[in-house]
Amino acid sequence: MDMSEAPRSHGDEVIVVARSGPLSGTVTVPGAKNSVLKLMAAALLADGTHLLTNVPVITDVEMMADLLRTLGVSITVHPTGTGETGQRLELVNTGAITPVAPFEQADRIRASVNLLGPLLSRFGEIEIGLPGGDDFGSRPIDMHLSGLEAMGAVFEVRPDCIVGRCDRLRGAEIEFGFPSVGATENILCAAVLADGTTVIRNAAREPEIVDLCAMLRRMGAHMDGEGTSTITVRGVVPGSLGPARHEVVTDRVQAATYIAAVGMCGGRVRIERAVADHMGVMLGRFTDMGLQIDTDEAGLTAACDRRLTSIDVATLPFPGVATDYKPLVVAMLSVADGTGIVTENLYPGRFRYVEELRKLGAGITIDGHHAVVRGVGHLTGARVDAPDIRAGAALVVAGLAASGITEIGEIHHIDRGYDDIVGRLAGLGAPISRESQAS
Ligand code: EPU
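Given the structure is predicted, the values throughout are model-derived calculations rather than measurements.

About the cut-offs
- All residue numbers here refer to positions counted from 1 along the written sequence of the relevant chain.
- For this predicted model, a pLDDT threshold of at least 70 governs which residues receive local features, and a threshold of 80 or more governs which side-chain atom pairs are given and counted, while totals over whole chains, interfaces and linings are taken from all residues.
- Where side-chain values are given, they derive from all heavy atoms of the structure, hydrogens and water being excluded.
- Pairing of aromatic rings covers Phe, Tyr and Trp, the last counted by its six-membered ring, and requires centre-to-centre distances within 6.5 Å; plane angles under 30 degrees mean stacked, over 60 mean edge-to-face, and any other angle means tilted.
- Placement of a positive charge over a ring is assigned whenever Lys NZ or Arg CZ falls within 6 Å of the ring centre and within 35 degrees of the normal to the ring plane.
- Among buried residues, those of type Ala, Val, Leu, Ile, Met, Phe, Trp, Tyr and Cys that are joined through side-chain atoms within 4.5 Å constitute a nonpolar core.
- Relative accessibility thresholds used throughout: buried, under 20% of the residue-type maximum; exposed, over 50%; partly exposed, between the two (1.4 Å probe, protein chains only).
- Think of it this way: any DSSP run of H or I at least four residues long counts as a helix, any run of E at least two long counts as a strand, and we number them from the N terminus.
- The contact criterion used is simple: two residues touch if any of their non-hydrogen atoms lie within 4.5 Å.
- Reported domain spans reflect what an automatic or database domain assignment gives.
- Note on terms: buried area is the combined drop in 1.4 Å-probe accessible area of two parts once they are placed together, counting the loss on both.
- Salt bridges are defined by distance alone: a side-chain nitrogen of Lys or Arg within 4 Å of a carboxyl oxygen of Asp or Glu.
- Definition of a polar contact: a pair of N or O atoms within 3.5 Å, with one able to donate and the other able to accept a hydrogen when the atoms are protein atoms, and with sequence-neighbouring residues admitted only if both atoms are side-chain atoms.
- Charged residues are taken to be Asp, Glu, Lys and Arg, nonpolar residues to be Ala, Val, Leu, Ile, Met, Phe, Trp, Tyr, Cys and Pro, and polar residues to be all remaining types, Gly included.

Enquirer: Explanation requested: the packing of aromatic side chains in the structure shown.
Expert: Aromatic rings considered in pairs are described by the distance between their centres and by the relative angle of their planes. Considering all chains together, one arrives at zero aromatic pairs under this definition. Positioned above the aromatic ring of Phe351, the side-chain terminus of Lys326 is 3.9 Å from the ring centre.

So this is what it looks like as structure tokens:
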């Protein structure tokens, strides 16, 4: 495999950020981590050569590729060519798949749980190491399992893995207690080859779900309702799906990161390929904070010429403000005028990065699942560590507004989901670099 363009996280690297003046220029937003990983898993559903374009250069893609390779899929990564917006990934599924995902590999990424639906519906059995991912508290998979059980699967949960088997899955009526992104994706992938019709109620509506459905439809699946709370999938005969060519949807969280950077530093930046419809509520809240945002078909332009104003924000499933935006919002509020309250409704434990922001002088207190952020006049650079992907990006953005130097360690977390955040911000004029850590 040609991984010449792939990111390599080195434990001894840090991101070094100085205070930035106003940003200017154009940044092109890459494809979405939280879509591409599921699209890669969906390639298990049909034999042939699948082609994914606009694939972000991130380590989670490498890890998912390694995992799929272990199962028997051969994968070639074609580096971004002239005029292309991302890598191309060629996935060859010959049907000779061993449906066993070892714990050591599954534990490295949350999206390994997305193997459940495709492997069960296609091969009738699976052994999968318990999925890992960011550590922000308990991340159960009960809805994935009960949905698949309603379709006829039987599971045994062992200390480090899940073993599942089934005859051909049956269509079922499944109503989630909460619109889980991952569970919706697994049931979708299981339903496309099931016998009969599956109706998913209280389904997740995220743009990444719509993207997965677009690829499944290209493979020959029959469904409607994606993007709404009720998705209906009419199963097709196993073997009747074919390979797909599909362009990965734009990453709305990376897009929001560059908007947040404009909010922190001021300036005017063209954010190419951002899809305004995928971030409508968040864009409204950015505007409430004082950013000017003009949207069009090809992207958006974000500008800011004043100190941000504090707002209160609560995270919710799509179309609400996504939990993945939250660390960015907390970073912005830490220098905004006034006090803002941020309520986390998805992951109660997702406030670990607050301690790191405090090292920069942010005035944040946590009360249960609320963060109370008192804006300060300025942040001061310090050495901090990225606790997870989005929090790491928020620390980078905060560093742009801090006097002195901010050094961010543990950046392998950022590399999991951000395609060259340093190069992209530097391209907008930010004083930022990636350096070997002085020992
Ligand atoms: N939940 C359950 N039981 C389940 C499934 C979920 O209780 O069976 C709970 C979770 O514990 C959590 C909530 O439901 O409290 C939301 O979980 P969801 O299943 O919607 O999230 P996910 O599929 O595990 C994806 C993204 C996350 C993103 C969430 C919410 C991927 C690989 N991960 O996770 O992204 O925060 O949706 O939008 O797609 C990130 O990219 O940094 C990230 C963490």
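Enquirer: I tried to follow the nonpolar core on my own but got confused; where do I start?
Expert: Within soluble globular proteins, side chains that are nonpolar generally end up buried alongside one another. In this structure, Ile15, Ile259, Ile271, Leu357, Ile408, Ile421 and Leu425 are the most contacted members of the largest nonpolar core, which totals 78 residues. Here the element with the most residues in this core is helix α8 (residues 252–265); it accounts for 10 residues. Not counting residues within four places of it along the chain, the set of residues in contact with Ile15 comprises Val396, Thr406, Glu407, Ile408, Ile411, Ile414, Ile421, Val422, Ile432 and Ser433. Membership of the second largest hydrophobic core comes to 76 residues, among which are Ala43, Met143, Leu193 and Ala244.

Enquirer: Can you help me understand the domain arrangement of the protein chain in this one?
Expert: For the protein chain, the assigned domains read domain 1 (3–29 + 250–436) and domain 2 (33–247). Here the C-alpha centre of domain 2 lies 29 Å away from the C-alpha centre of domain 1. Listed as interface residues are 30 residues of domain 1 and, on the opposing side, 28 residues of domain 2. Approximately 2,600 Å² of surface area, both sides summed, lies buried where domain 1 meets domain 2, with 51% of it carried by carbon and sulfur atoms. Applying the counting rule to domain 1 against domain 2 returns three salt bridges. The shortest N-O distance in the salt bridge between Arg252 and Glu208 comes to 2.9 Å. Where domain 1 touches domain 2, the interface holds seven residue pairs in polar contact (both at pLDDT 80 or more). The set of elements that each furnish at least two residues to the side of domain 1 that touches domain 2 consists of α12 (389–400) and α13 (412–417). Counting residues per element, the side of domain 1 that touches domain 2 draws most heavily on α13, which supplies four residues. Of the residues contributing to the side of domain 1 that touches domain 2, the split by class is 10 nonpolar, seven polar and 13 charged.

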